[in-house]
Amino acid sequence: MLEVVLSEKSYEIIIQRHALKKVAEWIQGLWKEKKIVLISDENVFPLYGLQIQKQLENYYDVVKYVVPANEKSKSLEMAAKLYDFLAKEQFTRSDGVIALGGGVVGDLAGFVASTYMRGIAFVQIPTSLLAQVDSSIGGKTAVNAPAAKNMIGTFAQPDGVLIDPETLNTLPEKRIQEGIAEVIKCGAIKDESLWDDLMKFNDVADLLSHSETVIEKALRVKKVVVEEDVFDRGSRLCLNFGHTIGHAIEQIAGYGQISHGEAVAIGMVQISRKAEKRNEMPKGTTAKLCAMNQKYHLPIFYEPWDEQALFQAITHDKKNRGKYLKIILLEKIGRAKIQSIPIEMIKDYLEKGE
């Protein structure tokens, strides 16, 4: 178990195999009598939703809302449908939301919970590796806009996070791989021991056999920086390694055409390759990232590469600060640094080629 300790709110993260069998018990420790909406998607709800709903119905008034299982669900249009649903079901500020699913469901449900009636309680039950090691904690909630990914959002902390590594057994390998990209990032920016673990594992199956340890180490990285910088204005920015270019790739490809993890993997390699050439990162760092990505079947480049389209996407990115952009580089594997550059200079990091 981990605890995120913040001045305004603290909450526990449970990492335990077969924890989904005890969801009702866990919720009872967090919430008194209230109405609950279980928000999930078309892939996840048939696997786990009904059993969780039946558990909860012994103690709570429970309704469900199931969204399409794709990135398009992370939109203002879907949020509006959920607002209407909650209003129709007479949800009040004393009621709560459970997000059951991957990053799309977690972001959407968190955003809706944090804005409906100026905020109602919510918890996260992430079922994908990507959500378990990254998006389910830290309080960032968002939906996409045509101009940029995650452009419309809030900071709102959950009341708790419940992670059952057994859910990873139902995921296709491609979904596991995109979560591994975020694990690689965590090792690269702040935990050399996690990086070493990833090097020692034989393959994806070997990593999954150690999933509890991997998830906990990755979450410890995020926990530390979230506690230092809740609102993403300082040290927390190091979590964006690979993301500035990665989010731009997701946008120009069309949301859902390339996974978040794949885009981040490419983004880490691209910015490192150019930073090395500018003597801003140690020689050989890019080769290590490429080798790690390829070991876990993650991409290291994207085609068609359109520097101008990527630049335009980045200039709309929420990480911009006026005329400057903060990029994340590595001092070495296990230690990141934040560097502020004029926005125009990001073009230097977008140049295609070796």
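Source: prediction; values computed, not measured. (Residues numbered from 1 in each chain as written. Predicted model: local features only at pLDDT ≥ 70, side-chain atom pairs only at ≥ 80, totals over all residues. Heavy atoms only, no water.)

Asker: Tell me about the domain arrangement of the chain, and please be specific about residues and values.
Answerer: For the chain, the assigned domains are domain 1 (2-168) and domain 2 (174-350). Put simply, the middle of domain 1 and the middle of domain 2, counted by C-alpha atoms, are 25 Å apart. Counting from both sides, the interface comprises 35 residues of domain 1 and, opposite them, 34 residues of domain 2. Approximately 3100 Å² of surface area, both sides summed, lies buried where domain 1 meets domain 2, with 65% of it carried by carbon and sulfur atoms. Put simply, domain 1 and domain 2 have five salt bridges between them. Where domain 1 packs against domain 2, one counts ten residue pairs in polar contact (both at pLDDT 80 or more). At the level of secondary structure, the elements contributing two or more residues to the side of domain 1 that touches domain 2 comprise β1 (2-5), β2 (10-15), α5 (129-135), β7 (140-145) and β8 (148-155). For the side of domain 1 that touches domain 2, the leading source of residues is α5, giving six residues. Residue composition of the side of domain 1 that touches domain 2, by class: 19 nonpolar, nine polar and seven charged. (Domains from an automatic or database assignment. Contact = heavy atoms within 4.5 Å. Buried area = accessible area lost by both parts, 1.4 Å probe. Salt bridge = Lys/Arg side-chain N within 4 Å of Asp/Glu carboxyl O. Polar contact = N/O pair within 3.5 Å; in protein donor to acceptor, adjacent residues only side chain to side chain. Helix = DSSP H or I, 4+ residues; strand = E, 2+ residues; numbered from the N terminus. Nonpolar A, V, L, I, M, F, W, Y, C, P; charged D, E, K, R; others polar.)

Asker: So, the packing of aromatic side chains: which residues are in play, and what are the values?
Answerer: What the rule picks out here adds up to two aromatic pairs. Geometry around Trp31 places Lys34 over its ring, the cationic atom sitting 4.8 Å from the centre. Above the plane of the ring of Phe311 lies Lys347, whose end atom (NZ or CZ) is 4.6 Å from the centre. (Phe/Tyr/Trp six-rings, centres within 6.5 Å; stacked < 30°, edge-to-face > 60°. Lys NZ or Arg CZ within 6 Å of the ring centre and 35° of its normal.)

Asker: Just give me the short version of the pairing of β1, but keep the residues and values in it.
Answerer: Residues Leu2 and Val4 point to one face of β1 and are all buried, whereas Glu3 and Val5, pointing to the other face, are not buried. Alignment of β1 against β2, held across four bridges, turns out to be antiparallel. Residue pairing across strands places Glu3 opposite Glu12, the latter belonging to β2. Hairpin remark: β1 followed by β2, antiparallel, with four residues in the connecting loop. (Buried < 20%, exposed > 50% of the residue type's maximum accessible area, 1.4 Å probe, protein only. Pairing = 2+ DSSP bridges.)

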